[in-house]
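Examination of the molecular architecture
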Amino acid sequence: MKVHMNETNLLIEQLKKQAQSFKKEFSSQQVGTVLEVADGVAKISGLRDVMSGEMVEFEHGEIGLVLNLEETLVGAIVIGRDHQIKEGQSVKQLGKILSIGVGEDLIGRVVNPLGQPVDGLGPIKAEQFNPIEKIAPGVITRQSVNQPLQTGIKAIDAMVPIGRGQRELIIGDRQTGKTAIAIDTILNQKDQNVICIYVSIGQKESKLARLVEQLRQSGALDYTIIVDAGVSEAAAYSYIAPYAGAAIGEYFMEKGRDALVIYDDLSKHAVAYRQISLILRRPPGREAFPGDVFYLHSRLLERAAKLSPEYGGGSLTALPIIETQAGDSSAYIPTNVISITDGQIYLETDLFYRGIRPAVNAGLSVSRVGGSAQTKAMKKVSGRLRVDLAQFRELESFTQFGSDLDEKTREQIERGRRATEVLKQKQYSPLTMAEQVSILYALSNGYLDEVPVDKVSAYQDSLLDYLHSQDKEALRLLTEVKDLKPEVENALVSALEAHATLFKQENS
């Protein structure tokens, strides 16, 4: 009996201790009701404390992103399919903003804008979650662009150079080679320690599949991440895709690494946002776009930056692509993005169909900061190239009339024709900085003056073959020194002279 009393007292003591240590924790979760759902947009009532940009969860697990806050209801876009969402269903407020899982595991994978794999290669382990919307780095954390990001394309690296941390727009009509420039730039980052993120917005799945296969065959998938918001997906995917790409790029930038993000293309992004805004009953403005369409792209592109050394020194370079209609770069979205970026590569339809590819218009293309990031060697050989080419395009029209031209004008036209041929380049064949400098040095110093225009392409191939097989010293010095110092120039001149003799013998 005494033993039983002791056990009872011991149990009472334990219960008292547990009662003293017990803390009351209350959790509340707002629940609303779906009033209406159509075209990927849901109208919800009952979520009084929800904030713009916050996530909500529908009954079957679908995620929504709140965009509109009205007096009696909120408007949310459904990320994914909306066919299971019905009027009267409950909606939970999640109390967090939309984020994407980021990490090294993303490299080499194809993911949707939520970071979920769509390539069938298994799950991806996220190291952390970054919000897709983030305030851009401030002035204090940035430094000026001072390091080149080589595209491997002569026409761009010579005339409109791109620096790490820059925002350079690629603009032109459909089927003028905009994506081709972006892909060549990715291919050229091999062994350059640059992580590439290609954001496909509203593109056909067949086009993306070809692109992925090309990157895989070239070995570029080893340092590339692809974010896919296909044309068959909801407009919400196209809307959040570029922000997801920027969030992935920022992960690498904040670790002190260099990243390149390509938005292909922001015209379709703006159209998706217009579709969402019109369904949400936002007031339309010019070309039926909502009033905040400028902010849509400015807050995205401002996230590209070159961080100062005390903040890690990483960089995020942005190459947005914009499609024009019949060459009209004065339309609403093109003018907006031109004003946000640090320059543009303008691709012209006429040049493309004349076989001048990449079809870069030397007069309209400009880089506002890339010149300070060019190597000294490239700066010396390309100094007057852009001006000479633009003047040649103007002078070329005179030759149609068959009028007599003075000697200086004739020389300028002949040099311009050879420059045009030199700047032609096949797709998927980027060149190193040393190879480009060698060819442009030959052009600017008269080594091509005696070469017939139709033989210029053969001359380039022959020269590169010679420099790689018989006289490797010039390329080695250019790669190491990156400047045309006397010893480098002497080695290059010696190689060009020897090759000129050899080329003349072969083509005589």
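As shown above, the structure is provided for reference.
Report on the accompanying structure. (Residues numbered from 1 in each chain as written. Predicted model: local features only at pLDDT ≥ 70, side-chain atom pairs only at ≥ 80, totals over all residues. Heavy atoms only, no water.)

1. Comments concerning the pattern of salt bridges
Within the structure shown, the criterion is met by 20 salt bridges. Here Glu-250 and Arg-303 are joined by a salt bridge, their closest N and O atoms 2.9 Å apart. Of this pair, Glu-250 sits in helix α5 (residues 235-253) while Arg-303 sits in the loop between α7 (293-301) and β14 (305-306), and the two are 53 residues apart along the sequence. For the pair formed by Glu-250 and Arg-303, the shared burial category is buried. One network of salt bridges, in which partners are shared, links Arg-142, Arg-167, Glu-302 and Asp-342. (Salt bridge = Lys/Arg side-chain N within 4 Å of Asp/Glu carboxyl O. Helix = DSSP H or I, 4+ residues; strand = E, 2+ residues; numbered from the N terminus. Buried < 20%, exposed > 50% of the residue type's maximum accessible area, 1.4 Å probe, protein only.)

2. Here's the deal with the packing of aromatic side chains
Tallied over the entire structure, the rule returns six aromatic pairs. Each ring, one from Phe-352 and one from Tyr-353, has its centre 5.4 Å from the other, and the planes form 85°; the classification is edge-to-face. Taking the ring centre of Tyr-295 as reference, the NZ or CZ of Arg-299 above it sits at 4.9 Å. Directly above the aromatic system of Phe-352 lies the positively charged group of Arg-357, at a separation of 4.0 Å from the ring centroid. (Phe/Tyr/Trp six-rings, centres within 6.5 Å; stacked < 30°, edge-to-face > 60°. Lys NZ or Arg CZ within 6 Å of the ring centre and 35° of its normal.)

3. Side note on the layout of surface pockets
Its volume calculated, the largest pocket comes out at about 940 Å³. Listing elements by their share of the lining of the largest pocket, those giving two or more residues are α3 (178-187) and α4 (205-217). It is α3 that provides the largest number of residues to the lining of the largest pocket, a total of six residues. (1 Å grid on protein atoms, 1.4 Å probe; cavity = no way out; pocket = protein on both sides within 12 Å on 5 of 7 lines; lining within 4 Å. Points joined across faces, edges and corners; volume = space filled by probe spheres on them.)

4. Focus: α7
A large share of α7 lies buried, amounting to seven of its nine residues. Within α7, the full set of buried residues consists of Val-293, Leu-296, His-297, Ser-298, Arg-299, Leu-300 and Leu-301. On the buried face of α7, the contacting elements are α5, β13 (258-264), α6 (266-279), β15 (315-323) and α8 (332-340). (Contact = heavy atoms within 4.5 Å.)

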